[in-house]
Amino acid sequence: RAGTPQGWTWEVTRAEFPEVDPYGLVFDAENVFSAQTSYPKQPAAVRFASQSEPLGILEGDYLVLTYDEGSEIYVYPPALSGWLDTYYYIGADGSTYNDRWLCDLAKAVPTPTATPTSSVTPTPSATSTPVPTPTPAPTAPPSITPTPARTPVPRPTIYYLVVDGKDYNADGRDDTVVWQGSSGKWIIDFGPAISPEVFWFGKQGDIPASGDYDGDGFTDAAVFRPASGLWALRGISRFYFGSAGDIPIPADYTGDGRTDAGIFRPATGLWSVRGVTQAYFGRMGDVPAPEDFNGTGTARIAFFRPASGLWAVKDLTRAYFGGAGDYPVPADYSAGGPLELGIFKPATGLWSARGVTRFYFGREGDYPQPGFYANGGIMRPAVYRPSGGVWVIRGLTRIYWGGGDYIPVSW
């Protein structure tokens, strides 16, 4: 149970819109149901949210829900701990699921243990004298022709890139971009009726670090070379900042409309922004995610920690959302406000924005690429699928290009 009267809550919600359609809620330690909305009989979900303390739901815990004036169902959530705001869909037997279609099981109803029955001791019978069996002549085993091993298809090593902008022609729309590390080849697709731009910039071992470094509204192609600390900004400048093991974190940390070069050093947790600031924030295993989280026009130092699901935005907030294997995808999911925390689960194709929305889009092997791909200022979820060289922009289009060892340079 929660340690304080308002430690955490759980809500029974309508399955179709669990974020906004609650039947009612319970503050766990108070055990009093506060009815909020009445709906006709239909599928339901249950939502658990930390309020003043982390969740502490143990393996085997369950909820007893009464409905239809007396019918009961025992609902079994998975074990949960930490500062969470999450929900699960309720199956007919009380099992919980991660998806509305009840395919991705979160926690099954425990199977009752059968009561053992006494066994009868058999009466011994006389044992006959065995007759020796002649040993057959050995037969040589057949020769088996081995099946040739299937040669795996090489795939690019893709990590979470930090880039500051992806509008390379300043038309107000984000572009889809891929880079081939083995050759340094860039391909920028500007959309229908516009020829893509192709050029060579960088080499094996470099990390793309695009941004608007001169403040002209155009995203500039750039690379960081960890081996030497070189930053190369195409058509603008070259300088040295950082060293091997550093992760480039370009962003506008001053709010002047220009991208600042920066590095995150996982070994020590150091953030260093060239000519701007230094801070120690994070540790090995954290994924840097600098963004403008409060709508001021200035990027904030921030990271996502997959091991625990922790998001930490320096001097602003901390929250637990997501976990191991998730990609961080902070974006403007509510259309018009500051960025929201978001994650993409490659194993299931689930996108989840904290306190805003959940939906399924993509599959195992896809890489999330949210962006403003059309006029109107609406963020659109998108995925890049290297296996088929396809970009899928939700509700807009599919683009076939890339694939092989090309990596996306736009998330």
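Computed from a prediction, not measured in an experiment: that's the story for all the values here.

1. A word on unusual backbone geometry
Located in the positive-phi region is A170, a residue other than glycine, with phi close to 55 degrees. Its location among the elements puts A170 in the loop between β11 (105-107) and β12 (176-180). A residue is classified by how much of its surface remains accessible, and A170, at 35% relative accessible area, is partly exposed. At D315, a position not held by glycine, the phi torsion is positive, near 60 degrees. Inspection of the secondary structure puts D315 in the loop between β25 (310-313) and β26 (317-320).

2. Remarks on the confidence of the model for the protein chain
Summary statistics for the protein chain give a mean pLDDT of 84 and a share of 82% for residues scoring 70 or more. Predicted confidence is poor over residues 139-158, with pLDDT under 50, and the contacts of this stretch with residues over four places away or in other chains come to 13 contacts.

3. A look at the pattern of salt bridges
All told, the structure shown has ten salt bridges when counted by the stated rule. Between E59 and K107 there is a salt bridge, with its nearest N and O atoms 2.1 Å apart. Of the two residues, E59 sits in the loop between β5 (55-57) and β6 (63-67) while K107 sits in strand β11, which places them 48 residues apart along the sequence. When its relative accessible area of 56% is taken as the criterion, E59 is described as exposed. Residue K107 is classed as buried on the basis of its relative accessible area of 17%. Note that D206 and R225 form a salt bridge whose closest N and O atoms lie 2.7 Å from each other. Of the two residues, D206 sits in the loop between β14 (197-200) and β15 (207-208) while R225 sits in strand β16 (residues 222-225), which places them 19 residues apart along the sequence. With relative accessibility at 3%, the residue D206 sits in the buried group.

Calculation rules
Residues numbered from 1 in each chain as written. Predicted model: local features only at pLDDT ≥ 70, side-chain atom pairs only at ≥ 80, totals over all residues. Heavy atoms only, no water. Helix = DSSP H or I, 4+ residues; strand = E, 2+ residues; numbered from the N terminus. Buried < 20%, exposed > 50% of the residue type's maximum accessible area, 1.4 Å probe, protein only. pLDDT = per-residue confidence, 0-100. Contact = heavy atoms within 4.5 Å. Salt bridge = Lys/Arg side-chain N within 4 Å of Asp/Glu carboxyl O.

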